[in-house]
Amino acid sequence: MKEKKILLPNSVALFVTLFFVYVVLFEFILPINKVLPKPSSLYESFIHIWSDYNLLLAFTTTTSVIYIAIALSILFLYAGAGYCIKLLVELKYSIQSFQIFRFIPIFFVAVLFNFWLPNNLPAELLFGFLIAAFLVIIKLFDESKKIKKEYLLVAWNLNLSQNSIYKKVYWKSALPALSKYYEKVHLSLWTLILIYEFIDNTHGFGFIFRTALDYKDFTALYTLAIVLSLLIWFGNSVIKYVNSKIIYWSAE
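Predicted model only: the values in this text are computed from it and were never measured. (Residues numbered from 1 in each chain as written. Predicted model: local features only at pLDDT ≥ 70, side-chain atom pairs only at ≥ 80, totals over all residues. Heavy atoms only, no water.)

### Topic: the pattern of salt bridges
Then step 1. Applying the stated criterion to the full structure yields two salt bridges.
Then step 2. In this structure, Lys139 engages Glu143 in a salt bridge whose closest nitrogen and oxygen atoms are separated by 3.3 Å. Here Glu143 and Lys139 lie together in helix 7 (residues 121-144), a separation of four residues that amounts to about one turn. Considered together, Lys139 and Glu143 belong to a single accessibility category, that of buried residues.
Then step 3. As a salt-bridge pair, Lys146 and Glu143 come within 3.5 Å of each other at their nearest N and O atoms.
Then step 4. Looking at Lys146, the relative accessible area reads 54%, which means it is exposed.
Then step 5. The class of Glu143 is buried, set by a relative accessible area of 13%.
Then step 6. One connected set of salt bridges, linked through shared partners, spans Lys139, Glu143 and Lys146. (Salt bridge = Lys/Arg side-chain N within 4 Å of Asp/Glu carboxyl O. Helix = DSSP H or I, 4+ residues; strand = E, 2+ residues; numbered from the N terminus. Buried < 20%, exposed > 50% of the residue type's maximum accessible area, 1.4 Å probe, protein only.)

### Here's the deal with the packing of aromatic side chains
How two aromatic rings sit relative to each other is set out by the distance from centre to centre and by the angle between their planes.
Then step 1. Going through the model one piece at a time under the given rule, you end up with eight aromatic pairs.
Then step 2. Measuring from centroid to centroid gives 6.3 Å for Phe113 and Trp116, while their planes differ by 55°, and the two rings are tilted. Of this pair, Phe113 and Trp116 are both found in helix 6 (residues 106-116), three residues apart, which corresponds to roughly one turn of the helix.
Then step 3. Residue Trp116 is classed as exposed on the basis of its relative accessible area, which comes to 55%.
Then step 4. With a centroid separation of 5.3 Å and an interplanar angle of 70°, the aromatic rings of Phe218 and Tyr222 are classed as edge-to-face. Taken as a pair, Phe218 and Tyr222 lie in helix 11 (residues 218-246) at a separation of four residues, close to a single helical turn.
Then step 5. Under the relative-accessibility criterion, Tyr222 is labelled partly exposed at 30%.
Then step 6. Through a chain of ring-to-ring contacts, three or more aromatic side chains come together here, namely Phe113, Trp116, Phe127 and Tyr196. (Phe/Tyr/Trp six-rings, centres within 6.5 Å; stacked < 30°, edge-to-face > 60°.)

Encoded structure:
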């Protein structure tokens, strides 16, 4: 906790310093360049992409896909936690045989979805849900191997059934790590959904990036990056806050 309190002011100070250097350098010293746009042009660019690129529709589409996919993966995990853990524990060695598939790039999966179901928003949502569910199941599998033997010993002494052990011991032990892991799932989904939309070229922030790139709209690319950074930061902050209020125990 003390490290976090020190890190926050340092991060703010670094951000303020870099922003000051950026304003001075690119607004007054290097006003015309192909590295970074002038700070004063960013506001004009935001108005431009809001109207000409239909930023509101893109925001609604991409954020809906990402956060609905996260919500569905959470519901899926809660509803099938006991059954999933049972399979992961009892078929541990069989599941490890499938690790060879981890070398398949997710980019290829995004391309396949676009090939099978082009210009299809439900397909994008399905892609997001499958990625989120896959990531948390892999994390659940890793956490199920870290269960402390003393927890299992207590459960056996209480004569709990094996299914109850899966639901009450394994699940409760894995939940703190899983909830924290959703911050990484959130970041991964933003990246993968943007790639999906960039390939699909029909809607969302990925489509705006594709359009701005096609038109060589230099300033719009940076403005979009700033907007997305703020959205991702806000989403991650909300996830951290919810985790701190709901998951108040630790398995360690």
